[in-house]
There are 2 protein chains.
Amino acid sequence: MTKSDLTINRLASTDADFRSRLDSLLQRDMLIGADVVTAVKDILQQVRDRGDAAVLDYSKRFDGFDVANLADLTVGKEQMQESLDQLPASHLEALQFSADRVRYFHEKQQQASWQYQEADGSVYGQKITPLDRVGVYVPGGKASYPSSMLMLAVPAQVAGVKEIIAVVPTVYSTQNSLIFAAAALAGVTRVYTIGGAQAIAALAFGTESVPKVDKIAGPGNIYVTVAKKLVFGEVGIDMIAGPSELTVICDGKTDPEWVAMDLFSQAEHDELAQSILISPDAGYIETVIESVRRLLPGMERQKVIAESLTNRGIFIQSESLEQAVEISNIIAPEHLELSVENPEELLAAVDHAGAIFLGRYTSEALGDYCAGPSHVLPTSGTARFFSGVSVHDFQKRSSIIRCSAEAADRLGRTTSTMARNESLEAHARSAELRFKQK
Amino acid sequence: MTKSDLTINRLASTDADFRSRLDSLLQRDMLIGADVVTAVKDILQQVRDRGDAAVLDYSKRFDGFDVANLADLTVGKEQMQESLDQLPASHLEALQFSADRVRYFHEKQQQASWQYQEADGSVYGQKITPLDRVGVYVPGGKASYPSSMLMLAVPAQVAGVKEIIAVVPTVYSTQNSLIFAAAALAGVTRVYTIGGAQAIAALAFGTESVPKVDKIAGPGNIYVTVAKKLVFGEVGIDMIAGPSELTVICDGKTDPEWVAMDLFSQAEHDELAQSILISPDAGYIETVIESVRRLLPGMERQKVIAESLTNRGIFIQSESLEQAVEISNIIAPEHLELSVENPEELLAAVDHAGAIFLGRYTSEALGDYCAGPSHVLPTSGTARFFSGVSVHDFQKRSSIIRCSAEAADRLGRTTSTMARNESLEAHARSAELRFKQK
């Protein structure tokens with residue numbers, strides 16, 4: 001494919017083969033090669049068995065870091081603070097603005113413990129406690145993403161997590177400072193410049209240098225994703241994430257260049273990213289496609305955008321805005337823009353979406369950087385059951401039960417009946433011993 | 001081992017080898033045989049490829065159900081209602097009492113959507129939606145557990161889930177009616193009398209008869225657990241559960257028979273279940289052990305209890321009640337009884353526990369049947385990061401962002417700076433296009 005090659009996938013909901021073409025373009029079956037799974041399993045085993053030494057081997061092999069000691073890939077609070085102190089004013093201001101807004105939003109998610117008392121003096125409730133220690137995987141590689149550091153670590157900080165360990169794959173030296181500065185703002189305890197399955201393994205099992213964490217959050221490449229799935233249960237995992245996606249529903253009255261650029265902003269992430277436009281206005285769809293063709297040659301990531309749009313981009317003509325929402329519910333997109341006059345009218349009908357952007361002015365990019373909610377969101381249709389990263393991910397609930405003598409009798413009678421029905425005699429007798437009248 | 005064989009594992013926190021003996025008795029490394037994983041993978045693949053036919057083959061092989069059609073293993077609303085209508089009054093009363101209390105507790109967990117508005121007219125918030133369709137795995141085999149049907153399905157019902165599909169492994173005919181009656185009370189849509197990895201596969205992938213669900217909750221044997229882990233990501237999963245456990249912290253003043261029976265109630269579940277007593281009172285520990293020896297021979301499940309206590313039971317002498325809580329935090333037990341005079345004084349120090357039972361009258365068994373909170377709780381130390389099944393498991397959050405023209409400008413400036421720092425030009429331009437002053 002040359003730089004300017006672009007194929008547009010154009011569908012109409014009235015097409016006889018609409019659903020089959022939609023499903024085929026969505027490509028939701030996560031096909032993971034057996035070789036990837038084998039490689040990841042080997043990495044997990046090596047790190048489990050050999051700790052730091054294995055992590056160093058992989059860092060040398062995959063990231064080109066040839067160091068003798070994991071301490072050389074460790075960044076502490078002091079170095080983070082230095083990075084923050086040395087930032088140019090405009091960068092610092094942007095980072096601080098973002099961190100403050102993300103913190104403000106997540107403080108609203110704070111859960112409180114609660115209890116209620118019944119007439120007999122018994123108390124029932126739920127106690128909320130933060131996780132002790134979490135790991136955040138901040139993706140990187142081709143570039144570095146200080147925004148993701150904030151979007152993962154700030155919710156953990158708000159949740160009250162005592163120790164936040166961040167891992168960051170190979171970052172170019174000029175960009176390190178932003179990542180470390182963001183870590184400082186988010187209260188990260190320590191950063192390791194390690195990545196891939198070996199970083200997930202180090203966090204899940206612990207090594208001589210890297211402490212074992214209770215939960216790992218954050219997206220990564222296919223090796224990271226497979227590693228997260230394999231260590232699930234050993235530690236908690238936020239979600240299983242795939243390529244990023246955006247669905248825009250438009251009434252045909254938003255500046256077509258705005259929508260074209262929004263579609264590009266998703267497509268530029270990588271070749272597997274997915275951008276979808278749904279509109280009841282056929283003429284408008286054509287205008288957006290014209291804008292896409294006109295704007296594409298000027299884009300820095302032209303090649304990635306063209307490939308993403310060709311392989312996975314979809315332009316769908318629906319019969320109405322209501323039907324557009326129905327189609328979006330089938331897609332269950334990570335990001336959904338309701339680029340229409342009265343987005344609130346459509347909102348109630350949206351069943352599945354990681355984040356919903358209402359109105360023409362709300363570009364998805366604002367959510368990526370500073371609107372407030374975390375930009376780490378469920379992809380590939382998993383918004384049907386996963387939620388975006390939040391304070392909830394970094395806290396847990398313990399049930400509280402405090403029975404009075406009266407309640408032990410009253411609840412004990414039911415317990416005894418049900419336990420004997422389930423052939424659990426000791427359960428029954430444990431309740432019966434506490435009866436008031438035996 | 002003969003019926004009466006019993007070995008008591010007695011530890012003191014002052015022992016030089018305390019921590020290593022504790023860790024060894026906790027046996028937290030979930031060692032899953034490669035043969036189990038291979039068998040489960042094969043079952044998943046078969047059900048994915050052959051649907052109903054594969055499920056029927058496994059039901060015949062593992063459960064002895066020789067039927068031609070999955071319809072013969074399907075129980076609809078009408079049959080559930082019939083089971084409910086035909087229950088003896090005392091059973092119905094107990095089931096209804098339990099369902100009502102579980103519903104009441106979980107209604108307190110209901111999450112509300114929220115929004116806030118900023119000065120420039122922008123709105124940010126979180127929208128809560130129930131999952132469309134969930135699967136609950138109600139364990140069974142040796143016995144049948146209507147209580148688990150309630151503890152899984154009622155929270156889903158309270159969450160607003162439209163369709164609740166229950167799977168129940170082989171149940172003996174006399175006990176079916178209680179399971180189906182419980183399903184009726186919990187608003188279950190349909191029950192399939194299938195179990196094991198094949199039931200998880202059917203729920204995760206869907207077959208001709210079993211609809212694909214969005215999330216699966218509920219504990220099972222090692223095949224079920226491995227299957228849940230393997231389908232995680234394809235569907236949501238509540239948690240990875242192991243054998244049940246109880247830790248009792250006692251000040252030495254609770255009737256030793258009560259505590260002995262509480263320990264039995266956990267041990268009777270299965271040979272891998274774990275019962276632990278921690279007390280600063282050495283004499284009291286001896287009294288409880290005497291009660292254990294005296295009461296054991298009269299128990300219906302004597303053999304299972306003896307084996308569980310011998311292999312995994314632990315009697316720990318701590319230096320103080322405070323230290324007992326510290327030890328409990330290392331264990332991070334599924335169930336924790338604070339069988340002391342002033343349990344509230346210890347509660348704040350409890351960091352990790354699935355459910356906490358306060359006071360001498362609150363036997364763990366009450367929580368299993370009718371206190372209110374779900375009895376499906378994190379095991380094997382995973383209370384460090386998992387929570388018990390709740391309404392939260394059956395709902396998800398979507399972020400809401402609605403920016404005014406002013407906010408698009410203000411947030412857009414930060415977005416532009418940060419996006420360009422991350423080499424994401426389209427993100428920056430998508431924000432810049434909406435600047436008021438360009």
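Cut-off values and rules
- Residues numbered from 1 in each chain as written.
- Chains lettered and ligands numbered in written order.
- Predicted model: local features only at pLDDT ≥ 70, side-chain atom pairs only at ≥ 80, totals over all residues.
- Heavy atoms only, no water.
- Helix = DSSP H or I, 4+ residues; strand = E, 2+ residues; numbered from the N terminus.
- Expected span 1.5 Å × (residues − 1).
- Buried < 20%, exposed > 50% of the residue type's maximum accessible area, 1.4 Å probe, protein only.
- Core = buried A, V, L, I, M, F, W, Y, C linked by side-chain atoms within 4.5 Å.
- Contact = heavy atoms within 4.5 Å.
- Pairing = 2+ DSSP bridges.
- Polar contact = N/O pair within 3.5 Å; in protein donor to acceptor, adjacent residues only side chain to side chain.
- Phe/Tyr/Trp six-rings, centres within 6.5 Å; stacked < 30°, edge-to-face > 60°.
- Lys NZ or Arg CZ within 6 Å of the ring centre and 35° of its normal.
- Salt bridge = Lys/Arg side-chain N within 4 Å of Asp/Glu carboxyl O.
- Nonpolar A, V, L, I, M, F, W, Y, C, P; charged D, E, K, R; others polar.
- Least-squares fit on C-alpha atoms with pLDDT ≥ 70 in both.
- Bend = angle between axes of the 7 residues up to and from the residue.

Peer 1: Lay out helix 5 (residues 89–107) of chain A in plain terms, naming residues and giving numbers.
Peer 2: With 19 residues, helix 5 of chain A should cover 27 Å at 1.5 Å per step; its first-to-last C-alpha distance of 27 Å lies within 8% of that length. Of the residues making up helix 5 of chain A, those classed as buried are Ala94, Leu95, Ser98, Ala99, Arg101, Val102, Arg103, Phe105 and His106 of chain A.

Peer 1: Go over the nonpolar core, please, and point to the residues and values.
Peer 2: With 202 residues, the main nonpolar core has Met149, Val188 and Val191 of chain A together with Met149, Val188 and Val191 of chain B as its most contacted residues. The residues touching valine 191 of chain A, leaving out its near neighbours within four places in the chain, are Leu73, Thr74, Val75, Met80, Met149, Ala166, Val168, Phe180 and Ala183 of chain A.

Peer 1: Could you give me a rundown of the pairing of strand 4 (residues 123–130) of chain A, with the residues and numbers involved?
Peer 2: Residue and element names in this part refer to chain A. Where burial is concerned, most of strand 4 is hidden: seven out of the eight residues are buried. Both strand 3 (residues 114–117) and strand 4 contribute to a ladder of four bridges, which runs antiparallel. Paired with tryptophan 114 across the bridge in strand 4 is glutamine 126. Where strand 3 folds back on strand 4, the antiparallel hairpin that results is connected by five residues, among which glycine 121 adopts a positive phi of roughly 95°. Of the pairings in the sheet, the one linking strand 4 to strand 15 (residues 395–402) comprises eight bridges and is antiparallel in character. Within strand 15, the position partnered with threonine 129 by the bridge is lysine 396.

Peer 1: Tell me about the side chain of glutamine 111 of chain A, residues and numbers included.
Peer 2: Within the secondary structure, glutamine 111 of chain A is located in the loop between helix 5 and strand 3. Under the relative-accessibility criterion, glutamine 111 of chain A is labelled buried at 15%. Looking at glutamine 111 of chain A, its side chain comes within polar contact range of the side chain of glutamine 395 of chain A, at 2.9 Å. Among all residues touching glutamine 111 of chain A, those that are not within four sequence positions of it are Ile128, His392 and Gln395 of chain A together with His392 of chain B.

Peer 1: Before we move on, can you summarise the packing of aromatic side chains with the specific residues and values?
Peer 2: The final tally for this structure, using the stated rule, is 19 aromatic pairs over all chains. Considering the side-chain rings of phenylalanine 105 of chain A and tyrosine 116 of chain B, the 6.3 Å spacing of their centres and the 50° angle between planes classify their relative orientation as tilted. Residue phenylalanine 105 of chain A is located in helix 5, and its partner tyrosine 116 of chain B is located in strand 3 (residues 114–117); the two belong to separate chains. Considered together, phenylalanine 105 of chain A and tyrosine 116 of chain B belong to a single accessibility category, that of buried residues. Grouping aromatic residues by their ring pairs yields a cluster made of Phe232, Phe385 and Phe386 of chain A together with Phe232, Phe385 and Phe386 of chain B. In this structure, lysine 108 of chain A is placed above the aromatic ring of tyrosine 116 of chain B, and the distance from its NZ or CZ to the ring centre is 4.7 Å.

Peer 1: Describe the interface of chain A and chain B, and please don't skip the residues or the numbers.
Peer 2: With 129 residues of chain A at the contact, the number on the chain B side is 129 residues. At the junction of chain A and chain B, the tally comes to ten salt bridges. Ionic pairing is found between arginine 434 of chain A and aspartate 262 of chain B, a salt bridge with its closest N-O pair at 2.7 Å. Viewed at the interface, chain B and chain A are joined by 74 residue pairs in polar contact (both at pLDDT 80 or more). Among the elements that take part in the side of chain A that touches chain B, helix 16 (residues 405–421) of chain A stands out by supplying twelve residues, more than any other. Its residues placed into classes, the side of chain A that touches chain B shows 57 nonpolar, 39 polar and 33 charged.

Peer 1: Account for the relation of the copies chain A and chain B, with residues named and values stated.
Peer 2: Aligned on chain B, chain A shows an RMSD of 0.0 Å; the corresponding rotation is 180° and the shift along the axis is 0.0 Å. The transformation relating the two chain copies, once decomposed into turn and shift, fits a two-fold axis.

Peer 1: With reference to specific residues and values, describe helix 6 (residues 146–159) of chain B.
Peer 2: All names here are of chain B. Relative to the 20 Å expected for 14 residues at 1.5 Å per residue, helix 6 spans 20 Å between its end C-alpha atoms, a close match to the ideal helical length. The largest bend in helix 6 comes to about 25°, at alanine 153, with the proline proline 155 one to four residues further on. Among the 14 residues that make up helix 6, 13 are buried, leaving the element largely enclosed by the rest of the structure. Once helix 6 ends, the next one or two residues include glycine 160, with phi positive near 95°.

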